[in-house]
Amino acid sequence: MTTTTMDLQVPQQRTAPRLAAPFAAAFAALLNAVMPAQRVNVEENQAAREAADVRAMARQYLKTDPGFAADLFAAADRHEELYGN
């Protein structure tokens, strides 16, 4: 009987750091404090500006923490989709 052993290296999937969820919650609370109380009348361009700000922050983390940057990009996309139209 013959046995063949293969050494296969699979890259680990990067996930968001443990502080990503509390940071996102704090960021959402900050946005809620800054935004006016009348959420029904959120303008499309305001959501686009907010999403652009989050994307700018995500670009700062691209080299040091790409997983967190990806989470920020996804959050900006969701925010723009939900409140942009």
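Model, not experiment: these values are computed from the prediction.

**Q** Help me understand the overall build of the protein chain in this model?
**A** In terms of helices and strands, the protein chain carries three helices and zero strands. By residue count, 22% of the 85 residues in the protein chain fall in the buried class. Looking at the protein chain alone, contacts between residues at least 24 apart form 57% of all its contacts between residues at least 6 apart. On the protein chain, roughly 7000 Å² of surface is accessible, and the fraction owed to carbon and sulfur atoms is 56%.

**Q** What am I meant to see in the confidence of the model for the protein chain here?
**A** Predicted coordinates in areas of low pLDDT are best not read in detail. Summary statistics for the protein chain give a mean pLDDT of 77 and a share of 68% for residues scoring 70 or more. By mean pLDDT, helix H1 (residues 20-34) is the weakest element of the protein chain at 73, and helix H3 (residues 66-83) is the strongest at 90.

**Q** What should I look at first to understand the nonpolar core in this one?
**A** The nonpolar side chains of soluble globular proteins are, as a tendency, buried together. Within the largest apolar cluster, eight residues are counted, these being Ala-51, Val-54, Met-57, Ala-58, Phe-68, Ala-69, Leu-72 and Ala-76. Listing elements by their share of this core, those giving two or more residues are helix H2 (44-61) and H3.

The rules behind these values
Starting afresh in each chain, residues are numbered from 1 along the sequence in its written order. Given that this is a predicted model, residues contribute local features only at a pLDDT of at least 70 and side-chain atom pairs are listed and counted only at 80 or more, while totals for whole chains, interfaces and linings are drawn from all residues. Side-chain numbers come from the whole structure's heavy atoms, not from hydrogens or water. Here a strand is any run of E in DSSP of at least two residues, a helix any run of H or I of at least four, and the numbering for each starts at the N terminus. Remark: exposure states derive from per-residue accessible area (1.4 Å probe, protein chains only) relative to the maximum for the residue type, with buried under 20%, exposed over 50%, and partly exposed in between. Two residues form a contact once any of their heavy atoms are found within 4.5 Å. In this description, accessible areas are obtained by the Shrake-Rupley approach with a 1.4 Å probe, and a residue is regarded as covered only by the protein chains that are shown. Each residue gets a pLDDT score, which is the predictor's confidence in that residue and runs from 0 to 100. We call a set of buried Ala, Val, Leu, Ile, Met, Phe, Trp, Tyr and Cys residues a nonpolar core when their side-chain atoms join them within 4.5 Å.

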